[in-house]
Amino acid sequence: MSNKKPRKKSTILRVSSYLFRYKGLFWMTITLAAAMTLLEIAVPLAVMDIIDGFQKTSALEGLVKGVILIAALYVASEAFNCLRIRVNNTLEQRVLVEMRRDLHLKLLQLSVAFYDQRKSGEISSRVIEDVAQVERALLDGTEQGTRAILMILGITAILFIKEPALACCVFLPVPILIGIGSIYAKRSRIIWKGVRESSADLNSLLVEDIQGNRLIQSFGLQKRESRRFEVKADDLRNKTLRAMFRWSIYHPITNLVTKLGFLSIVGVGGYLVLQDSTDFSMGKLVGFFLYANMLYMPISQIHGLNHLLSAGRASGERVFEILDTPVEVTEPPNPQYLDEGSIQIDFQKVSFQYNGRASIIEGLDLHIAPNQVTAVVGHTGAGKSTIANLVMRTYDVTSGSLRLNGIDIRKLSLEQLHEKIGYVAQDPFLFEGSIRENLLLAKPSSSESELIKALEQACAWDFVCELPKKIDTNIGEKGIRLSQGEKQRLTIARVLLKNPPLVILDEATASVDTITERKIQQALDRLVRERTVLVIAHRMSTVRQASSIVVLERGRIIESGTHESLITAGGHYAKLSQQQNDILSKMEQK
């Protein structure tokens, strides 16, 4: 129990801090809500005077004046309400943008390890749905809560001034309502957190099905995915129904309790009107009815807010779980910078393991010479891509040190490190937009001639010229309108445009056919000139011209040398090369 309470308080206070970034708008919303509430409280007083004035000689005049007064109160109240809604919506949208901006910034800072353990749809659900739920709960809760408290205090004062005995009857249901509301709030928070998690799971499935629609259609997986959807949807439905089941019990009970309060007003109030010894008039009885309705309404609103706040608190915990996630790869407090020129890389007794897994690399010593091509080959799982990730500082080494030009990579400026590296991955990624926009990511100041030159060097200009709008053609999400080979050549053009001193090629030709591979290889030959190049490869054809070839097995170097020397040695590399040659020969015969 002691561990939960501080977390609740922390979540509420932290969300509140977003509201107080706009103190002017926040207090204006509260002030307008308060003014609106006070005007509404004044209406029953005017009704009391009208009814009690029926027996006077100037009853008609009093009626007209009372109606005009009530109309003025209503108009003024709704005028304040109009302003309140506008200010409230402005504040709401600013808070939403602030929270989503902070979440997005944190997501950009988090390491790849964070994404390895989470579904993309679940993360997007937190940014879009959970943030909206948190903001709605806090802002609406604060505003409606303020109105409810002001109304309760104002009505309480008036009722006890008018008739203390009947006021006590009006307040008889209040402790019961508060007790029921407290019990509901405690029990529903956990349930609503489950609802949010199930909603995120369903969202993740939808994103996965959208991204993998081609695979689903080609393998005929529609029925399988429909079954998966049904399971997720049923889970969300059941958890939502469970939450709403509690609400279906809580809400009618609170309504019943408030109606018993009205019943006490009828009995006690009617008795007081019939007694000549009291000055309790029919106008006051009607006023008590109106005030009781106004009193129970904000109390019901407060309990209705329990429903909203429970869901909001659950969403808040999911939002702050991301914001509180430590950034594993951080900018050093006093960063060092690489000098201009070539880059040398040294792995010194480096070991690395992913969370919860055995070591991928163990005590690795590897020298990558400047302005030369160093290739790393080996079977799947040998640790090749891990070496590339460590050089880009996607992860930090578990032990040992990785040095660039003699400087520990953890002491280098992250921004400058990434400026020095060009990366070509096996699965090329392009943003939705035009070819020009994707190329300019590497060098925003590039001229038209520089763009064309990069495309020509990447063997991409010919197919770009055949597109409807050439370099300004929209290539769709992830470059969906291009072939794998075309996308790969564009990513090579992007790196050529960036012109970094260090290039990492991670299985750059693994997903294309032999003809396309030759075109990409021509582009790569231009890319690797006068740079430090780290090549991660399965295919031996892509590493033959490398200055040095390192053969990995289970995170350890078992061979190294040039292509010719390794073939002559007849070791592991020679066997891999022979196996691939045999496979290619059989394919060509077919």
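What you are looking at is a predicted structure, and each value in this text was computed from that prediction instead of being measured. (Residues numbered from 1 in each chain as written. Predicted model: local features only at pLDDT ≥ 70, side-chain atom pairs only at ≥ 80, totals over all residues. Heavy atoms only, no water.)

## Points about the overall build of the protein
Part 1 of the argument: Secondary structure summary: the protein contains 19 helices and 10 strands in total.
Part 2 of the argument: A burial count over the protein gives 47% of its 590 residues as buried.
Part 3 of the argument: For the protein, the proportion of contacts with a sequence separation of at least 24, taken over those separated by at least 6, is 78%.
Part 4 of the argument: When the accessible surface of the protein is summed, it comes to about 30,500 Å², and 57% of that surface belongs to carbon and sulfur atoms. (Helix = DSSP H or I, 4+ residues; strand = E, 2+ residues; numbered from the N terminus. Buried < 20%, exposed > 50% of the residue type's maximum accessible area, 1.4 Å probe, protein only. Contact = heavy atoms within 4.5 Å. Areas by Shrake-Rupley, 256 points an atom, 1.4 Å probe, with all protein chains shown as cover.)

## A short note on a nonpolar patch on the surface
Part 1 of the argument: A contiguous nonpolar surface patch, about 560 Å² in accessible area, is contributed by Phe54, Leu60, Leu63, Val64, Val67 and Ile68.
Part 2 of the argument: As for its placement among the helices and strands, Leu63 is situated in helix α3 (residues 59-109).
Part 3 of the argument: The class of Leu63 is partly exposed, set by a relative accessible area of 31%. (Patch = residues over 30% accessible without salt bridge, like charges linked within 9 Å, V, L, I, M, F, W, Y side chains within 5 Å. Salt bridge = Lys/Arg side-chain N within 4 Å of Asp/Glu carboxyl O.)

## Observations concerning the side chain of His563
Part 1 of the argument: By secondary structure assignment, the location of His563 is in helix α18 (residues 563-569).
Part 2 of the argument: Apart from the residues within four sequence positions on either side, His563 is in contact with Arg544, Ile549, Tyr573 and Ser577.

## Quick notes on the sheet that holds strand β8 (residues 532-537)
Part 1 of the argument: Across the sheet, 6 strands lie side by side as β6-β7-β8-β3-β9-β10; this open sheet has mixed pairing. Strand pairing shows two members of the sheet lacking a second neighbour, β6 (421-424) and β10 (556-561), which therefore form its edges. Ignoring strand direction, the axes of neighbouring strands in this sheet form an average angle of 20°.
Part 2 of the argument: Contacts from helix α11 (residues 384-391) reach β3 (373-377), β6, β7 (502-506), β8 and β9 (548-553) within the one sheet, and its direction differs from that of β8 by about 150°.
Part 3 of the argument: Of the strands in this sheet, β6 and β7 are in contact with helix α16 (residues 484-498), which crosses β6 at around 175°. (Pairing = 2+ DSSP bridges. Axes fitted to C-alpha atoms, helices over the stretch in contact; angles between N-to-C directions.)

## A word on the sheet that holds strand β4 (residues 399-404)
Part 1 of the argument: Pairing is antiparallel in the open sheet, where 4 strands are placed in the order β2-β1-β4-β5. Strands at the two margins of the open sheet, each flanked by one partner only, are β2 (359-368) and β5 (407-408).
Part 2 of the argument: Bridge analysis of strand β1 (residues 345-353) against β4 gives 5 bridges, and the strand direction is antiparallel. Directly across from Ile345, in β4, lies its bridge partner Leu404.

## Some points on α16
Part 1 of the argument: With 15 residues, α16 ought to run about 21 Å at 1.5 Å a step, and its terminal C-alpha atoms sit 21 Å apart, in line with that.
Part 2 of the argument: Asn499 lies just past α16 and shows a positive phi near 55°. (Expected span 1.5 Å × (residues − 1).)

## Focus: the pairing of β1
Part 1 of the argument: The pairing of β1 with β2 spans 6 bridges and is classified as antiparallel. Note that in β2 the partner of Phe347 across the bridge is Leu366.

## Some words on the packing of helix α2 (residues 23-52) against α3
Part 1 of the argument: One can describe the packing of α2 onto α3 by two numbers: an axis separation of 8 Å at closest approach and a directional angle of 160°. The orientation of α2 relative to α3 falls into the category roughly antiparallel. Two packed elements cross with a definite hand, and for α2 against α3 that hand is left-handed. (Parallel < 35°, antiparallel > 145°, perpendicular 65-115°, else oblique. Left-handed = near helix turned anticlockwise from the far one by under 90°.)

## Examining the confidence of the model for the protein
Keep in mind that low pLDDT regions are not for reading the predicted coordinates in detail.
Part 1 of the argument: When pLDDT is averaged across the protein, the result is 80; 88% of the residues are at 70 or more.
Part 2 of the argument: This model gives residues 1-9 a pLDDT under 50, and the stretch forms 5 contacts once residues within four places in sequence are excluded. (pLDDT = per-residue confidence, 0-100.)

## Topic: the state of the cysteines
Part 1 of the argument: In total, this model carries 0 disulfides according to the counting rule given.
Part 2 of the argument: Residue Cys168 stays outside any disulfide, its sulfur separated by 7.0 Å from that of Cys169, the closest cysteine. (Disulfide = S-S within 2.5 Å.)

## A closer look at the pattern of salt bridges
Part 1 of the argument: The tally for this structure, following the rule as stated, stands at 17 salt bridges.
Part 2 of the argument: The residue Asp408 makes a salt bridge to Arg410 at a minimum N-O spacing of 3.0 Å.
Part 3 of the argument: Overall, the relative accessible area of 31% leaves Arg410 in the partly exposed class.
Part 4 of the argument: Its salt-bridge partner being Glu448, residue Arg436 comes within 2.6 Å of it at the nearest N-O pair. Linking Arg436 in helix α13 (residues 435-440) with Glu448 in helix α14 (residues 448-457), this pair joins segments that are 12 residues apart in sequence.
Part 5 of the argument: On the basis of relative accessible area, Glu448 is assigned to the partly exposed category, the value being 37%.
Part 6 of the argument: Among the ionic contacts, a cluster of salt bridges with common partners joins Arg21, Glu98, Arg101 and Asp102.

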